[in-house]
Every structure is written in structure tokens, then in C-alpha cells.
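Coordinate inspection notes
Here is what each chain is made of, one letter per residue.
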Amino acid sequence: MKPAVRVSQLSKVYKLYWGPRSLFKEMVLRVPSHQQFWALKEISFEVSEGEAFGIIGENGAGKTTLLQILAGATFPTSGSANVQGKASALLELTAGFHPDFTGRENIYFSGALAGLSRSQIQESESEIIAFSELEEFIDKPVKTYSSGMHVRLGFALATGFDPSILVIDEALAVGDQRFQKKCTDRILNFKRKGCTILFCSHNLYQVKTLCERAIWLKKGRIAAQGVAQEVVDRYTDYVREDESKSSPVSSPAVESDRDSKRQICWIEKTVLSDAEHRPRSEFESGDPLQVDIWCYFGPGFEGIPAVAVALVRNDGVCVYTASSNTAGDSLRQESLHHYHARVVFPETPLLSGRYYLNVVATDQEKLQAYDIVERAQTFTVSSTDRGIGLVRLHHYWIEPK
Amino acid sequence: MFATLLYNKYLIRELVTRDVRGRYVGSIIGVFWSILNPVLQLTLYTVVFSTVMNMRFGDDPSWGRFALYLFAALLPWMALQEAIIRSSRSFIENAHLIKKLRFPLETLPFSVVFSSFIHQLLGTVVFVLVLIAIQAFNTRFFALVFLLFVFQIVMTYGLAVTVACLNVFFRDIAQIIGVLFMLMFWITPIVYPKNRATGLFQTLLNCNPLTHMVEAYRFVFLGNPTPSAWGVLYWIMFSFGAYLVGQFVLSRTRRELVDLL
């Protein structure tokens, strides 16, 4: 089957001029005087017919530029982008509206912009009006519309002319909840009818559920490409990590530091392994997890040695903290000052993502942390569960009597 | 280029109605402004030039005759000026459309040219009615007016596309155009007859293709003065030249234009 969209080695460079004078210098005197900005760099992907394809990424990652190129509004610097059939761009729903003209007149104008003839617009006219629920207001100037009415007409228009490729950019949050439902239903309908959908959104849950495949754009390059769920998971991982990076994290104590602080206890080593004691860093959701901790409680230490292991998702959300002395005195004294602790999580129903372990050396009161090692071990969990949250809670649905 | 325009004829129709209606929406006498405006301008020029400055066309001493000669030239001139000045900003004003869609750029200046032409047409109808009423209508060459319309539109369109493209790169173009038109108004025989000019100024008038345009219009409406055939040919060549320049400029700048909006 022929792909509906084929993008190969697509790059887009914007020339940034410092002002009209530098533009003049370059255009007329042929002296290069611009900075280059790579909005897209060597992007390649294909979307087959009838597929829903997600495009995710942070603001300024190049999503809009990519959609502009696909819509044919701007041209690539190198590479190519081929789109089969009529692409209706939901880029900016209300871009073409003239405030002084009526809703109906604006329907005709937007249709003309989409390259349709008068009779083609007439065919879809009543359906568009019905979908937008603006029957009473359709012959009133658009400037009298509320913002909700505005976007309702916009959405009805963008989906009203039966496109073979639907390009949706941040369009689902339209109107009130009831109308939003109507919009998502319509998009699902398009999908069922075999319409190719390019879906560009910050609502990752919608991308996950609607799309089969996705790409993640990061600073103009493809950071990940593949099954939508995996791409979204990797992207959310990245975003979480980025967020936690911006908040200060105390770095693990180093040897020299310990002397100066006259530290009396510290964590020597942490090993993460599976049920068979094999060290691992990749787990399936639900797998057993085992953590071994070796630590040193020096001569200055008084009390009962204890350790705690915190399971933390990479955005800093703590899933659970297990402390040794709540489970009984389970530290094994290997020599005078050296202890070995082992904690087993027989079942870890974590949702997919990246996690790490924080390990703490403490005593039975657990009031003082003698040593904290953040990110002592990092690991990833993969899951086929599409659920949202932190862990999969055991549950079942029953029919109420 | 013409194929693009033909293909988008419905879009152009919508753009033109939007432009014409958008201008008068909310006003009480609406489209009558487009007749009132040139009539007021005509009256003003007639008063100033014929009665105050005693300017005359031919050997007819009446100020009414002056008004007719003036109006025949003023109609195409005003349409040209309006079209060029307004289309110089047409890409910038419609940036929101151009950046979102695969937009046939040539339709924007064309629709401005066409909507100015509609106003010229309205003025022409009024003019012809007046000519008939005072029995000064010359039917012999009147059919040629449609040919003049075609050449005028071709020229205006070519110039309009050129300035629309260039103004995206250098916004100074719109300002320069305004100054240029002010200058051109006086080196085109509109408020004075061409034969008044002598020496170097006459050469200057002859070099200006618009001189021959207004002379041709005067001839088809009023039957005289007979324009120079070479001059009219020069104007026709100029109008196609302008068209080709417009086409060249658009094809050269089209790719970069969108990104600068």
C-alpha cells in the first residue's frame, strides 16, 4: 500500500536576520548576514493510509513547522514531504474568519480557501452548521459569537469537507465538555472510516489511545519513533527527568567529603537484582525486585543499624519507602562495622517508566539519616498497561446489584 | 500564472466579495461611497484647475469639457493607484492565511486589482450615462475600451504582484510606492493636456507609459485627441512586460516569502 504521507530527509532552516538592513545587505549586496536556525533536521517517517499518527514534543521542537510543510504552506530546505490526497489543516481553526461577515459567509470563504468550488461547499454546508450547533446564529456576524461558538464553527469547518488526511493541532480541547466529546467522537469516526490522521497534541493520553504510531521531535530531530505508547512513555520519562533536574538534587557523598564531615556511617554498595539474584536494570511490570545494600556503621555509631530503600520515579515522585527495622532486625553483621541488608519486593506492579532507588543509612528511630545515596540504582519498567498513574492497583469490576 | 488564477476562480470571487463588501460593511450608503468618492475628487480637481487655474483641454473654453477630459483619465489612474498601494500590503495583511495553508499567492494581489477594477467599472458606467445625457458620447471607438481594460488589468496585476512580493522583504517599498504615485500623478497628463508640455518635459511625458494609457482612454470615450499609435503600442508592451516581471519576481521569492511573514 502506498503511504499517505512520506517524509524523507526533511530539513528546514530558517534564516534569522537581525533587521531589515541585514536583509537588504544579503539580498542586494549578496553579503551573507543571517543566523541559521534548524527547525527540522533530517526527519524521515511514513504514515500509511488509514493510520493515526502522533507527533509529540516540547514547544519549539518543530511540530508546527512540520505541519506547515505537510500542509504545503512553507517549503522544506532540503529533503521531501509527499502528501497523498487532500490534507485539511486544523492548524489554526479560526484563522480565516472575517469578524464582520456571518458564519455562513465564513463557511464559504473557508471552503474557498480549502480549494473547493461553490457546489462542493453547498453539499457540506448544512452538515457543518448542524455539527457546530449554530443554526440560530449562522447568519449573524462572527464578531458577535462567543469564543466557544468560534471554535465550534472552526472545528466543524476543518472536519466538514471530508478530508482524506486530517491534520489536528491542539484542537481537541474545543468548547464545553459535551462538545469535546462530540469532537473526539468525530475524530474516532474519521479513523474508523479509514481517514489518515496526523495528530499533534500535548495531551499525551489522547495520543496514546488514538494513535498507532508516533514520533517524538526534540529540537528538530526525531528523538524516538515507533509504537505510539512506547514513544509517549519515553517522552514522558524525558520530561519528568528534565523537571526533576531543574530542582536541586543533593549529590551523593564522596569519600573526601565524608572525612571532612566526620561521617560515621555510609552506604558502601547497592545492588539491584531479580528473584534469581542476577543484577538487572530492566524489569517487566509485576516482576520481583531484590535490593542488596552493604553499609558501614563506624565506631561512633550508637544504636541499632537500619537502612531504608526508597523507590522513586524519575520525576521525583516517591512510590514507597521500605525501612529495615519495621520488618524486624534483618541486617546481617558481616564484620565488626560492616552490615549487609537485603530487601525483596515480591511484586512490583509499577507502570512503565524509569525509576531509581534512594538508599539511606539510619538507625531504629529513623530520625537521622547518616548517609543518603540518591539514584543508587536506576532501572526501567516496561508495561503493556495503558493505565495512568504510578502503579497498577489490583482491581475488578462487578455489576452492582 | 493565469492557470492558477483560473483554477482558483471561486477563491478569487470570495476574496473580491470579501474585499468589496468588507470595505462598506457597517456603513449606511455602502457601495455608493465608491461612486461618491471619485465624483467628489472630480469636482475638486475641476474647480481648482479649470476655474481657479484656468486650465483647458483643446479649444473648448467651458469648464464642463475640462471635467470630461479629466474624468476619462482619472478613472483608470485611480484604479491603478488604489490597486498598487493596497496590494503592496496584501501578503502582510493575510499572513495568517498564507502561513497556515497551501495558499495560491497570486490570488491575493489579483483580487485587490479586481476589486479596484470593479470600482472603476462603476465609475465608468456613471461617466457613460453622463456622456449620453449631455449628448457627448462617442460610440465610434467605445468598443475598444474593453481592450484597454484588459491591458490595464494585465499591467496593474504585474506591478501589484511585484510590489506585494518585494514589500514582504523590504517594508519600505509600500512607502516608496506612495511617494512614487504622488510624483507620477504630475508627470502623467491627467489634470493638463499632453500638448501643453514642451521640450524636456514632453520627452518625459512620452517616456511615461501611463501617459499613453490615459490618452487612449480619452480617445475611446471622447473621440479626441488622437493618441500616438507608437505610444499606445509602447504602453501595451509595458503592460505585458510588467506582467512578466511580476511572474518572475513571484517565482523567485515564493519559497522564501512565507518564512519572512
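Residues numbered from 1 in each chain as written. Chains lettered and ligands numbered in written order. Predicted model: local features only at pLDDT ≥ 70, side-chain atom pairs only at ≥ 80, totals over all residues. Heavy atoms only, no water.

1. Observations regarding the overall build of chain A
Check the secondary structure of chain A and you find nine helices and 18 strands. Within the span of chain A, comprising 401 residues, buried residues form 47% of the whole. A separation threshold of at least 6 residues defines the contact pool for chain A, and within that pool the share at least 24 residues apart is 69%. When the accessible surface of chain A is summed, it comes to about 20,600 Å², and 51% of that surface belongs to carbon and sulfur atoms. (Helix = DSSP H or I, 4+ residues; strand = E, 2+ residues; numbered from the N terminus. Buried < 20%, exposed > 50% of the residue type's maximum accessible area, 1.4 Å probe, protein only. Contact = heavy atoms within 4.5 Å. Areas by Shrake-Rupley, 256 points an atom, 1.4 Å probe, with all protein chains shown as cover.)

2. Looking at the interface of chain A and chain B
Reports often express the size of an interface as the amount of accessible area lost when the parts come together. In this assembly, 35 residues from chain A lie in contact with 26 residues from chain B. The largest contributions to the chain A side of the interface with chain B come from A:F75, A:F109 and A:L113, which together make up 21% of the buried area. Summed over the shared surface of chain A and chain B, the result is two salt bridges. Between A:K12 and B:D259 there is a salt bridge, and its shortest N-O distance comes to 2.6 Å. Linking chain A to chain B there are five residue pairs in polar contact (both at pLDDT 80 or more). (Buried area = accessible area lost by both parts, 1.4 Å probe. Salt bridge = Lys/Arg side-chain N within 4 Å of Asp/Glu carboxyl O. Polar contact = N/O pair within 3.5 Å; in protein donor to acceptor, adjacent residues only side chain to side chain.)

3. Re the sheet that holds strand β12 (residues 289-297) of chain A
All names here are of chain A. Here four strands make up an open sheet; going across it, the order is β10-β12-β16-β15 and the pairing antiparallel. Of all strands in the sheet, those bounded by a partner on one side alone are β10 (265-273) and β15 (332-333). Where β10 and β12 come together, eight bridges link them in antiparallel fashion. Residue pairing across strands places T270 opposite I293, the latter belonging to β12. (Pairing = 2+ DSSP bridges.)

4. Here we look at the domain arrangement of chain A
Residues and elements named next belong to chain A. Along its sequence, chain A is organised into domain 1 (3-243) and domain 2 (252-382). Its C-alpha centre places domain 1 at a distance of 48 Å from the equivalent point of domain 2. Taken together, the contacts link four residues of domain 1 with six residues of domain 2. Interface area lost by domain 1 to domain 2 is led by D237, R240 and E241, which between them contribute 85%. Taken together, the connections running from domain 1 to domain 2 amount to zero salt bridges. At the junction of domain 1 with domain 2, the criterion picks out three residue pairs in polar contact (both at pLDDT 80 or more). Here the side of domain 1 that touches domain 2 is built from residues that sort into no nonpolar, no polar and four charged. (Domains from an automatic or database assignment. Nonpolar A, V, L, I, M, F, W, Y, C, P; charged D, E, K, R; others polar.)

5. Things to note about the side chain of A:K12
Tracing the backbone through its elements, the reader meets A:K12 in strand β1 (residues 3-17). In this structure the side chain of A:K12 is engaged in a polar contact, spanning 2.6 Å, whose partner is the backbone oxygen of A:F75. Apart from the residues within four sequence positions on either side, A:K12 is in contact with A:F37, A:W38, A:A39, A:L40, A:T65, A:I69, A:T74, A:F75, A:P76, A:T77 and B:D259.

6. Some remarks on the environment of A:G303
Residue and element names in this part refer to chain A. Turning to its location among the elements, G303 is positioned in the loop between β12 and β13 (305-313). The class of G303 is partly exposed, set by a relative accessible area of 47%. The sequence separation of G303 and D363 amounts to 60 residues, and the corresponding C-alpha distance is 6.4 Å.

7. Considering the packing of aromatic side chains
Going through the model one piece at a time under the given rule, you end up with 32 aromatic pairs over all chains. An aromatic cluster of three or more residues is present, and its members are B:F71, B:F110, B:F114, B:F117, B:F127, B:F142, B:F146, B:F149, B:Y157, B:Y217, B:F221 and B:Y243. If you follow A:K41 out to its NZ or CZ, it ends over the ring of A:W38, 4.5 Å from the centre. Above the ring of A:Y356, the side-chain terminus of A:R375 is found at 4.2 Å from the ring centroid. (Phe/Tyr/Trp six-rings, centres within 6.5 Å; stacked < 30°, edge-to-face > 60°. Lys NZ or Arg CZ within 6 Å of the ring centre and 35° of its normal.)

8. Looking at the pattern of salt bridges
All told, the structure shown has 23 salt bridges over all chains when counted by the stated rule. Overlapping salt bridges, with partners in common, bring together A:D274, A:E276, A:R278, A:R280 and A:D287 in one network.

9. Thoughts on the environment of A:G103
Residues and elements named next belong to chain A. Topologically, G103 is positioned in helix α3 (residues 103-113). Note: C-alpha distance between G103 and E302 (199 residues apart in sequence) is 80 Å. The residues contacting G103, other than those within four sequence positions of it, are I138, K140, V142, Y145 and L153.

10. Some words on the side chain of B:N167
Residues and elements named next belong to chain B. When you line up the elements, N167 lands in helix α8 (residues 145-169). From its side chain, N167 meets the backbone nitrogen of A174 in a polar contact 3.2 Å long. Ignoring sequence-local partners within four residues, the contact set of N167 consists of S88, R89, I92, D172, I173 and A174.

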